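The lines below spell out each chain.
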Amino acid sequence: MPESSAGWVMNISIILLMGGFCIRIGGQIADQRLEAEREWAVSTASAMERIGRSEQVAGKPAVTVRAARNEYVSFQIVISAGSRVLRGVKVSASDLTGPGGIRIPHESLSFYREYYVHVVKPSPDPGWGNRPLGEGWYPDALIPLVSEPSAQNRNASFDVDAGMNQPVWADVLVPAEAAAGTYRGVVSITSGGQTKDAHITLRVWNFELPLRPTLRSSFGMHEPALTDRSIHELLLQHRVMPSSVNPEDAQELSTRYGLNATGLRFWSNFSKTTCTMNPPPSATSILSKMAQFPPGIQIHLYAADEIDPCPQVFDTVRQWGAAAHGADSRLQTLVTVAPTHELFSDGTPTQRAAVDIWVLLPKYWDSDADGIREARARGGEIWAYTALVQEAYSPKWEIDFAPINFRIFPGFLAQSMGVTGVLYWRVERWNASPFEDLGGYTQGRYSYPGEGMLLYPGRPVGVKSALPSMRLKWIRAGVQDFEYTAILKRLGREEWALKHARRAGTDWHNWETDPEVLETMRAQMGDEIERLAAPHSPTASGALN
């Protein structure tokens, strides 16, 4: 090629390269401008989702939920910051308005900022079955938002870091007097003078959940929470029973919050290490404590915990049963133990079982099926509990397990298994830094994040009382699922109801992992209860779109 031609080609190449360079740089500038102009957004999500801190949220601008009267129903509002920090975010709600202008007041809605906790050492992973989700950030603690800050609660607004999400948990408590029908309202998110709305549609079924849950329960705590009425009320607002309440509070906690069961404060100090326990209290002491409680509440005596490895204490357990039954026949003994022939009598002429409420881990269900049947035949109750990660199949309540675990256990699965109560050993096992260190409960080399900790202390975040977790909210949803089946049983539709419950969960090995299936079961049950319970009752007209 002639020298002049080569120079001409070189010049063209330089121009093209320069042009490409300019285009590429121009693209970066355009991308940067686009990034700078990216606005914040608001969307909605199901209550059964966990929203990642920085994930792309494909939420909807509106949410539709269903509930009975006197039922809690929940959803999430997700605030996604754009390219800049979102300052001074506030959340407010309108009244929910139904046909003809009837209203559910906005005070029936409560909002919580979801606080992310970091699981550094996850739960043991068996490698199969029901596996933990692993290390990472999990929204869990719920900090109540208020319209105006106070000395007890400074959480009226919050900031959202650039590029991050801040989910807000929303609870709706449908008033007991609400008319059935379809209601609509708006949740408004305000920041920097700008407001964005999320739209709510609430269908209220024409029936009411009872104030007192059908499911019994016992959720434990230690001092000072043991005597803290605010914590007792918080648990009851989530449809679970404190393991013990102050006797002077019992009547109001029953009539106002639905307390259906509680325990006397006698401890046997059973030791699994030495296989020893104290003898029972005197009949006089038991009667004195029983007399302090009003009638109509199931009172139990938690005699001993996890005594299966220690048959040498069975005789002492029989003594506890005899003392309790001899003092007051209404008093029931509760023990976490698999049913065994050695405890089917308390040793007295009545031949009443030493244990009235048998509380089992799921792993005992298969090995002790015959004992469970006999205990039921003798009039005993069968409760269930979960603790740690003791096998690879049943639902677990550690933070790093999927949300469905918390709801299915006390809900449709409990109904399918014939469980009448649920026990959890402790709700406030806080270490020195509960918002930062979730691995406080360990056994050997294993860590169990969130074990024994369904509540958070409020003081570190400026709240006087304790804080609920999202896990406690999911447990409440399960207790309400249990109630739907119980209502249908009372309406003569037991076979139909249990068939639907078993579609959600057959046994501890086989249960649904898709929350949408549970919602479908609940919706079908709600429709059936409405058809049976209130076919001619007045409703607020209007179809659910």
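As the structure is a computational prediction, the values presented were derived from the model and not from experiment.

Topic: the state of the cysteines
Taken as a whole and assessed by the stated rule, the structure comprises 1 disulfide. Residue Cys 275 pairs covalently with Cys 310 via a disulfide, S to S 2.0 Å. Disulfide Cys 275-Cys 310: torsion about the S-S bond near -60 degrees, hence left-handed. Placement of the pair is Cys 275 in the loop between strand S14 (261-263) and helix H4 (283-290) and Cys 310 in the loop between strand S15 (298-305) and helix H5 (314-327), with a sequence separation of 35 residues.

Remarks on the packing of H4 against H5
The N-to-C vectors of H4 and H5 enclose an angle of 55 degrees; their axes lie 9 Å apart at closest approach. Taken together, the axis directions place H4 and H5 in an arrangement best described as oblique. Helix-helix and strand crossings are classified by hand; for H4 and H5 the assignment is right-handed. In this structure, H4 uses Ala 283, Ile 286 and Leu 287 to contact H5, whose residues at the interface are Ala 323, Ala 324 and Ala 327. Among the residues forming the contact of H4 with H5, the class breakdown is 6 nonpolar, no polar and no charged.

So, the pattern of salt bridges
Counted under the stated rule, the structure contains 27 salt bridges. Ionic pairing is found between Glu 71 and Arg 522, a salt bridge with its closest N-O pair at 3.2 Å. Remark: Arg 522 occurs in helix H12 (residues 515-533) and Glu 71 occurs in the loop between strand S2 (62-69) and strand S3 (72-80); sequence separation between them is 451 residues. Of the two residues examined, Glu 71 and Arg 522, each falls in the buried class. Connected via shared salt-bridge partners are Glu 71, Arg 407, Asp 481, Glu 519 and Arg 522.

Parameters at a glance
- Residues numbered from 1 in each chain as written.
- Predicted model: local features only at pLDDT ≥ 70, side-chain atom pairs only at ≥ 80, totals over all residues.
- Heavy atoms only, no water.
- Disulfide = S-S within 2.5 Å.
- Helix = DSSP H or I, 4+ residues; strand = E, 2+ residues; numbered from the N terminus.
- Axes fitted to C-alpha atoms, helices over the stretch in contact; angles between N-to-C directions.
- Parallel < 35°, antiparallel > 145°, perpendicular 65-115°, else oblique.
- Left-handed = near helix turned anticlockwise from the far one by under 90°.
- Contact = heavy atoms within 4.5 Å.
- Nonpolar A, V, L, I, M, F, W, Y, C, P; charged D, E, K, R; others polar.
- Salt bridge = Lys/Arg side-chain N within 4 Å of Asp/Glu carboxyl O.
- Buried < 20%, exposed > 50% of the residue type's maximum accessible area, 1.4 Å probe, protein only.

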